[in-house]
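Residue-level listing of the chains:
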Amino acid sequence: MKRLLLSLAILLSSAMAFAGEGMWIPMLLQYNEKEMQEMGMRITADDIYSINHSSLKDAIVLFGGGCTGEIVSDYGLLLTNHHCGYDYIQQHSSVNHDYLTDGFWAMDRSQELPCPGLTVVFLREMRDVTAQVLDQVTDDMTEEKRQATINENTKRIIAEVEKTTPYKVSIKAFFCGNEYYLLLNEVFTDVRLVGCPPSNIGKFGGDTDNWVWPRHTGDFSVFRVYADKDGHPADYSADNVPYKPAKHLDISLKGAEEGDFAFVFGYPARTNEYLPAVAVDQEANVIDPIAVRLRGEILDIYNKYQEQDRKVRIQYASKHAGLGNGWKKWMGVTEGINHFHGVEKKRFYEKSFEEWCYVTFQRSFYFNLLEQFDKKYKELEPYKVAYTYLTNAGLNIELIDFAGNFAKLSQVTKDTPKEEIDDMIVSLKEASKEFFKNYYQPIDEEVAKTMLNEYLENQPADFRPSFLNEIKDVDAYVAMLFSKSMFCDEQKVNDFLEKFRLSSVKKLQKDPALVAYQSMINFYREDVNPKMKPINEELARLQRLYMKGQMQMEPEKHFSPDANFTLRVTYGKVEGFKPQDGKNYRHFTTLEGIMEKENPDIYDYVVEPKLKELFNNKDYGRYADKDGTMHVAFTASVHTTGGNSGSPILNADGQLLGLNFDRCWEGTMSDLVYDPNICRNISVDIRYVLFIMDKFAGAKHLVDEMTIVE
Ligand code: ARG
Ligand code: ASP
């Protein structure tokens, strides 16, 4: 019976690691090559990643530190998502030229707009440095000694390699600290905005459709990487020239059929596929529901005011999108984990792990591992809950969060250098301008009342910031806060900064919003973090051990390391899915669907007149599918996560099919437990992207730069 259980569990876990699950290290792709080719791939692992000749990896970049982008011409032309380029589009937008609303297209290179602060990173090489990093590290070392040894080794290796390369050198941990890889990166800093569709296309469906299939978002924007005359990274200069990449992606106009092999190449940020059941349960059933409830209440308040006033709607659009993105995702995580029995599957697997452990004393360091997990996660829980309240309830009171910007100024003394104070004043004036542009006090007052009540009702006194324990009546406190604090009045803040002198510090220190902020920060620094830190360190140790144990238990299995913002390949098939009994989703959507959703009265569903005209005339040119329609988006069973936004999704020949931008709501649990039946990524079809550029925006010159395979 025991043996049966063990083999069943292993079968289950290998089934969980089916073709399609996993975020693979490109330099080790030779181990996946056979499976990828069996699934239909016609290129080799070496075509995807090589350091001896140009390969697809030379066309993939980390965009803006949080998304992926890809190079599609010999002149450094780059594609990413609209939501990834959003901040830079906004940076260049004003009432006179509102590129967010109207879109923007540089008709020649002189019109391309520099984006200060935007970086694009190319991975040049990756090396396995596990042995060097773990040199002198032993199993019986204390964690502290272990970390110190690793830090020392890392520093030394980086210093040595830096002498031999012009690239930026870093080392990252994989497999929960069981393996280490060195990365050589080239960072470009002159990146310019080339084009973006109007929001009615780039954000079509908005927050309503976010995380949802069927989807019709033209989620793309276009940039260009510039370099100095020798092709090296250089800060913005009018003399810089378009960067010539070692490789750019070819673009397929053939589209993809159901069942076709497809892969995504990009920068997934973070997954946790190897956690114990107790951690998944805590995340999905304790932490996420709290964050969802708190954010849900705030979003309801935003909605109420946004519906009443157009100006408020715009002011709170970005905040709404930010809060709403996590809110909706975490709801999906809880739903998915419970519906698809994620915790039970993990428990089942853990039983087999324990049986495997207790077979021999050689595995004694894994004994009780799962019990220790249980104990530590239980210890962690109240602090994690406290942290969730702090970030979602406390710091979402905008007035208090904004006051926090002045914390440093409130600490200046006669010994603080004058230049330092002057710098603070300048940046605070900037911050204040930004803040008040999008601030609506009635919303914030209502949020404050709701969140403080939440806090007082649901968090015990010693698990909340101390200022809360002095509140007798929330309404009276909020009334006092908003009448006494200067931070809800732009004029007062500006006057204060204008006339700032040392004696003003007292006034600052007494401001109730800053008092509340300090109380929250002190609570975190003194009561939460010191408790959480050692528990998290111990959990990291246990997790490292558990990861190692899982790999030892199944030596035949090919494990993929959790995402950690390094370049990865993930693959699967273009396919739809059946999220529920009786529901069967097709794998693609078309322009017809945009017309079906059209509603001039609902902001998210306004259709551009020009797009309607093209639709009515069926003027799709060579971008139409062979079925005659204009395909907009498609789903695939490719394992992706945050950071994969903007990643290319490629066909069997390594040609661009589309840009990844989201996942289906039913499968958002994939960061914790991946289920091939239900987890789907969503991409915008490259033919729709080119159609919008060419036919809608008249920017055919950009398409002409690309290599198109018809
Ligand atoms: N859900 C996608 C990703 O996490 C897209 C987010 C941007 N779109 C939006 N409507 N908020 O991050
Ligand atoms: N929308 C996400 C991103 O911005 C992608 C995802 O979570 O699937 O990276």
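For clarity, every value in this text was computed on a predicted model and none was experimentally measured.

Criteria and cut-off values
- Residues numbered from 1 in each chain as written.
- Chains lettered and ligands numbered in written order.
- Predicted model: local features only at pLDDT ≥ 70, side-chain atom pairs only at ≥ 80, totals over all residues.
- Heavy atoms only, no water.
- Helix = DSSP H or I, 4+ residues; strand = E, 2+ residues; numbered from the N terminus.
- Rg over C-alpha atoms; globule rule 2.2 N^0.38 Å.
- Buried < 20%, exposed > 50% of the residue type's maximum accessible area, 1.4 Å probe, protein only.
- Phe/Tyr/Trp six-rings, centres within 6.5 Å; stacked < 30°, edge-to-face > 60°.
- Disulfide = S-S within 2.5 Å.
- Near = heavy atom within 4 Å.
- Polar contact = N/O pair within 3.5 Å; in protein donor to acceptor, adjacent residues only side chain to side chain.
- Areas by Shrake-Rupley, 256 points an atom, 1.4 Å probe, with all protein chains shown as cover.
- Nonpolar A, V, L, I, M, F, W, Y, C, P; charged D, E, K, R; others polar.
- Salt bridge = Lys/Arg side-chain N within 4 Å of Asp/Glu carboxyl O.
- Core = buried A, V, L, I, M, F, W, Y, C linked by side-chain atoms within 4.5 Å.
- Contact = heavy atoms within 4.5 Å.
- Pairing = 2+ DSSP bridges.
- Axes fitted to C-alpha atoms, helices over the stretch in contact; angles between N-to-C directions.
- Parallel < 35°, antiparallel > 145°, perpendicular 65-115°, else oblique.
- Left-handed = near helix turned anticlockwise from the far one by under 90°.
- pLDDT = per-residue confidence, 0-100.

## Some remarks on the overall build of the chain
- On a plain count of helices and strands, the chain comes out with 25 helices and 20 strands.
- Here the C-alpha atoms of the chain give a radius of gyration of 27 Å, agreeing with the 27 Å that 2.2 N^0.38 yields for 710 residues.
- Reported as C-alpha extents along the three principal axes, the dimensions of the chain are approximately 75 × 70 × 60 Å.
- For the chain, with 710 residues in total, the buried portion stands at 56%.

## Quick look at the packing of aromatic side chains
- Applying the stated criterion across every chain, the model contains 40 aromatic pairs.
- Ring centres of Trp356 and Tyr366 lie 5.7 Å apart, and the angle between their planes is 40°; this geometry places the pair in the tilted category. With Trp356 in helix H13 (residues 342-357) and Tyr366 in the loop between H13 and helix H14 (369-394), the pair connects residues that are 10 residues apart, well separated along the chain. Considered together, Trp356 and Tyr366 belong to a single accessibility category, that of buried residues.

## Points about the state of the cysteines
- In the structure shown here, the tally under the stated rule is one disulfide.
- Linked covalently through their sulfurs, Cys67 and Cys84 form a disulfide whose S-S length is 2.1 Å. Taking the torsion about the sulfur-sulfur bond, which here is approximately -75°, the covalent link between Cys67 and Cys84 counts as left-handed. Taken together, the positions of Cys67 in strand S2 (residues 67-71) and Cys84 in helix H4 (residues 82-91) put the pair 17 residues apart, joining distant regions of the chain.
- The exposure class assigned to Cys67 is buried, which follows from its relative accessible area of 12%.
- There is no disulfide at Cys196, and the cysteine sulfur nearest it, in Cys115, is 10 Å away.
- Classification of Cys196 as buried rests on a relative accessible area of 0%.

## Points about the site of ligand 1
- In the region of ligand 1, the neighbouring residues are His83, Lys203, Gly206, Asp207, Asn210, Trp211, Ala321, Asn325, Phe661 and Asp662.
- In this structure, Asn210 approaches ligand 1 through a side-chain N or O atom, which is 2.7 Å from a nitrogen atom.
- Within the side chain of Asp662, one N or O atom sits 2.9 Å away from a nitrogen atom of ligand 1.
- When ligand 1 is considered free in solution it has 340 Å² of accessible area, and contact with the protein chains removes 84% of it.
- Among the elements of the structure, helix H9 (206-209), helix H12 (317-339) and strand S18 (656-663) are those that each provide at least two residues to the shell around ligand 1.

## What about unusual backbone geometry?
- Residue Pro214 follows Trp213 across a cis peptide bond; omega there is 0°.
- When you line up the elements, Pro214 lands in the loop between H9 and strand S10 (221-227).
- Phi is positive for Cys176, close to 55°, though the residue is something other than glycine.
- Relative to the helices and strands, Cys176 resides in the loop between strand S7 (168-174) and strand S8 (179-188).
- You will see that Lys618, though not glycine, has its phi angle at about 50°, which is positive.

## With respect to the site of ligand 2
- By nearness alone, every residue bordering ligand 2 is listed as His83, Trp211, Thr641, Gly642, Gly643, Asn644, Ser645, Phe661, Asp662 and Arg663.
- Gly643 is positioned such that a nitrogen or oxygen atom in its backbone is 2.7 Å from an oxygen atom of ligand 2.
- One nitrogen or oxygen atom from the side chain of Arg663 is found 2.8 Å from an oxygen atom belonging to ligand 2.
- The protein chains hide 87% of the 270 Å² of surface that ligand 2 would expose on its own.
- Here the element with the most residues in the shell around ligand 2 is S18; it accounts for three residues.
- Tallied by class, residues from the shell around ligand 2 come to two nonpolar, six polar and two charged.

## Points about the pattern of salt bridges
- One pass over the structure, following the stated rule, counts 36 salt bridges.
- For Lys244, the salt bridge goes to Asp74, with nearest N and O atoms at 3.9 Å. With Lys244 in the loop between strand S11 (241-242) and strand S12 (250-252) and Asp74 in the loop between S2 and strand S3 (77-80), this residue pair connects regions lying 170 residues apart in the sequence.
- On the accessibility criterion, Lys244 (59% relative accessible area) is exposed.

## Re the nonpolar core
- Counting 205 residues, the largest nonpolar core has Leu409, Phe487, Tyr688 and Met693 as its most contacted members.
- At 16 residues, the largest contribution of residues to this core is made by helix H21 (residues 512-553).
- For Leu409, the residues in contact, after removing those within four places along its chain, are Ile421, Met424, Ile425, Leu428, Phe496, Leu497, Phe500, Val505 and Leu508.

## Quick word on the pairing of strand S19 (residues 681-685)
- Most of S19 is tucked away: five of the five residues are buried.
- Inspection of the sheet shows S18 paired to S19 by five bridges, in the antiparallel sense. Residue Leu659 lies in a different strand from S19, and its bridge partner there is Val684.

## What about the pairing of S2?
- With five of its five residues buried, S2 lies for the most part within the structure.
- Of the two faces of S2, the one lined by Cys67, Gly69 and Ile71 and the one lined by Thr68 and Glu70 are each fully buried.
- In this structure, strand S1 (residues 60-63) lies alongside S2, joined through four bridges in antiparallel fashion. Within S2, the position partnered with Val61 by the bridge is Gly69.
- Hairpin geometry of S1 and S2 is characterised by an intervening segment of three residues between the two adjacent antiparallel strands and by a positive phi of about 60° at Gly64.

## A few points about the packing of helix H10 (residues 277-308) against H13
- Where H10 meets H13, the closest approach of the two axes is 8 Å, and the angle between their N-to-C directions is 170°. In this view, H10 runs roughly antiparallel relative to H13, as classed from their interaxial angle. For the element pair H10 and H13, the recorded crossing hand is left-handed. Residue-level inspection shows Ala277, Val280 and Asp281 of H10 in contact with H13, the latter providing Val343, Lys346, Arg347 and Glu350.
- The residue inventory of the contact of H10 with H13, partitioned by class, reads three nonpolar, no polar and four charged.

## A few points about the side chain of Gln315
- Tracing the chain through its elements places Gln315 in helix H11 (residues 310-315).
- At 3.0 Å, the side chain of Gln315 forms a polar contact with the backbone oxygen of Lys437.

## Notes on the confidence of the model for the chain
- Averaged over every residue, the pLDDT of the chain is 95; the share at 70 or more is 97%.
- Taken together, the stretch residues 1-17 has pLDDT below 50 and engages in 22 contacts with residues farther than four places along the chain or on a different chain.

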